[in-house]
Each structure stands twice: as structure tokens, then as C-alpha cells.
Amino acid sequence: MADRRNVKSDDDRAADAHERGRDYLGPMQIDRLLAAARKGRHGIRDHLLVLMMYRHGLRVSEAIALRRADADLAQSRLWIARLKNGLSVEHPVAGDELRALRRWLAARDDVLPWLFVSERRQPLTRQAVNYIIGAAAKRARLGPVHPHMLRHSCGFALANRGYDLRLIQDYLGHRDPRHTVHYTRTAASRFNGLW
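Below: a short report on this structure. Fair warning: this is a prediction, and the values are worked out from it, not measured in the lab.

### Section: unusual backbone geometry
And then number 1: The phi torsion at Ser76 lies on the positive side, around 55 degrees, for a residue other than glycine.
And then number 2: With respect to the helices and strands, the residue Ser76 is situated in the loop between strand S1 (71-72) and strand S2 (77-80).
And then number 3: Judged by relative accessible area, which is 19%, Ser76 ranks as buried.
And then number 4: Positive phi, normally seen in glycine, also occurs at Asn85, with a value near 60 degrees.

This is the structure in C-alpha cells:
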């Protein structure tokens, strides 16, 4: 008989250890993060970046790829080109976000196509976004926060508001509902009224 590899693990972790811990922020934590982002050196830009990543469930790559032309200020709409074979969609832009977007664009004195630019007039990099969010989290005393937590926070916020799986799936650009069910399965609002 051929050599058979031992596939049994000596790992003592629980069978469900692959399940994620709490990798999102609640509404009060998001508010603290937004307030802290506003206090940074580039507060107008950083606040808008965090707000848009949260509200639209943007991945870092999607946020830094946004262009001015993607924001239709007259119609209060934002075109989001989803990555990872996701469904690209147009999202509404809420009033506070629209005001923040107008403030950021009014503060700029360039005609560069990117929505988020550095002080060197280049598009923000993934590392810059990681730094911006990490620094804001530190000022807000939230502990370690990584940018993808904002996407998860968006999904959980929508699920906790009672929106159905299909709507959240489309909003986040998921083609497969298995990627979205994570948010609705653990939504606390599902259990309201059981007792």
C-alpha cells in the first residue's frame, strides 16, 4: 500500500474555531471612529473616506479606485465598481455624506480624477488607507481596526436594521448569497421578541 499521509491534526482548537470573532464595529464605535478621523491632519478627507467605506461597504481597493466622475452630486448618487467579480451598483448618497463630499471637493485645488488623493497629489494607496484607519482607531481608543472591518460593519448594520439577505447581497455586490448570510445569521434583531 502506498504511503498515506496522516490527515489527523494534533490541533486542540474547537471544531468551530474557523468561525470569525467579532470583526466589525457597532454604531457607537463607528461614530467614535468618524469623530477621530475628523481630528486628523487631513480630517475632511479622512472622515469622508471612513464614512464612505462604512456606508457603502467598500473594500480598500474599491475606495481608492473611486473617481470624481463616480460621484453624481446633482442626483446624490455614487457609482461603485465592485471588485472580485462583484455586482457593480449605484448607491444613494445620504445628506450628511453629500455635505462631506462637497466639503472635500471644495477643499481641493486640483483637477485630478481620483476621489481620494494624498498630499502628494497621488491616489491613496492601500497602505495609506490602513494607516488612516489605524490612526483614527487609536485616537478613538478602539483597539486594532483594519479597513475591511468597515465593510463588515456595513453588512451587520444593514442586517440589524432588518433588511433581507437579498437586498444586503445586492448592496454589497456579492454574487453568491453564501458571502452575505454571515451578516444575517448573526444579526441580533432576528431574535427580538422571542422572549
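Still more to cover.
### Examining the packing of helix H6 (residues 148-160) against helix H7 (residues 165-172)
And then number 1: Relative to each other, H6 and H7 sit at 155 degrees, their axes nearing to 10 Å. By the criterion of interaxial angle, the relationship of H6 to H7 is roughly antiparallel. Viewed along their axes, H6 and H7 form a crossing whose handedness is right-handed. Listed contacts from H7 to Arg151, Cys154, Gly155, Leu158 and Ala159 of H6 are Ile168, Tyr171 and Leu172.
And then number 2: Split by residue class, the contact of H6 with H7 holds six nonpolar, one polar and one charged.

### What about helix H4 (residues 95-107)?
And then number 1: Taking 1.5 Å per residue as the helical rise, H4 with its 13 residues ought to reach 18 Å, and the 18 Å between its terminal C-alpha atoms agrees with that figure.
And then number 2: Residues of H4 that are buried: Glu97, Leu98, Ala100, Leu101, Trp104 and Leu105. Along the long axis of H4, the arc covered by the buried residues comes to 160 degrees, so they all point the same way. In H4, those exposed residues whose orientation departs by more than 90 degrees from the buried face are Arg99, Ala106 and Ala107.
And then number 3: Where H4 is buried, its residues meet helix H2 (43-56) and S1.

### A closer look at the sheet that holds S2
And then number 1: Strand order across the open sheet formed by three strands is S1-S2-S3, with antiparallel pairing between neighbours. The open sheet has two edge strands, S1 and strand S3 (89-92), and neither has a second partner.
And then number 2: Where S2 meets S3, four bridges bridge the pair, whose relative direction is antiparallel. Counterpart to Trp79 in the pairing with S3 is Glu90.

### Notes on the layout of surface pockets
And then number 1: Of the voids in this model, the largest pocket is the one considered here, and its volume is about 570 Å³.
And then number 2: Along its surface, the largest pocket is lined by 30 residues, and Tyr54, Cys154, Ala157, Leu158 and Arg161 are the ones closest to its centre.
And then number 3: A per-element tally of the lining of the largest pocket places H6 first, with six residues.
And then number 4: Looking at the lining of the largest pocket residue by residue, the classes come out as 19 nonpolar, six polar and five charged.

### Some words on the environment of Gln122
And then number 1: Of note, Gln122 is situated in the loop between H4 and helix H5 (126-139).
And then number 2: Residue Gln122 is classed as partly exposed on the basis of its relative accessible area, which comes to 45%.
And then number 3: Taking C-alpha positions, Gln122 is 8.4 Å from Leu112, a pair spaced 10 residues apart along the chain.
And then number 4: Each residue touching Gln122, except ones within four places of it in the same chain, is listed here: Phe116 and Val117.

### Digging into the pairing of S2
And then number 1: Across the two faces of S2 the burial differs, with Leu78 and Ile80 buried and Arg77 and Trp79 not buried at all.
And then number 2: As paired strands, S1 and S2 are joined by two bridges and run antiparallel to one another. Counted as the bridge partner of Ala71 is Leu78 from S2.
And then number 3: The loop that links S1 with its antiparallel partner S2 comprises four residues; one of these, Ser76, has a positive phi angle of about 55 degrees.

What counts, and at which threshold
Residues numbered from 1 in each chain as written. Predicted model: local features only at pLDDT ≥ 70, side-chain atom pairs only at ≥ 80, totals over all residues. Heavy atoms only, no water. Helix = DSSP H or I, 4+ residues; strand = E, 2+ residues; numbered from the N terminus. Buried < 20%, exposed > 50% of the residue type's maximum accessible area, 1.4 Å probe, protein only. Axes fitted to C-alpha atoms, helices over the stretch in contact; angles between N-to-C directions. Parallel < 35°, antiparallel > 145°, perpendicular 65-115°, else oblique. Left-handed = near helix turned anticlockwise from the far one by under 90°. Contact = heavy atoms within 4.5 Å. Nonpolar A, V, L, I, M, F, W, Y, C, P; charged D, E, K, R; others polar. Expected span 1.5 Å × (residues − 1). Arc of directions from axis to C-beta. Pairing = 2+ DSSP bridges. 1 Å grid on protein atoms, 1.4 Å probe; cavity = no way out; pocket = protein on both sides within 12 Å on 5 of 7 lines; lining within 4 Å. Points joined across faces, edges and corners; volume = space filled by probe spheres on them.

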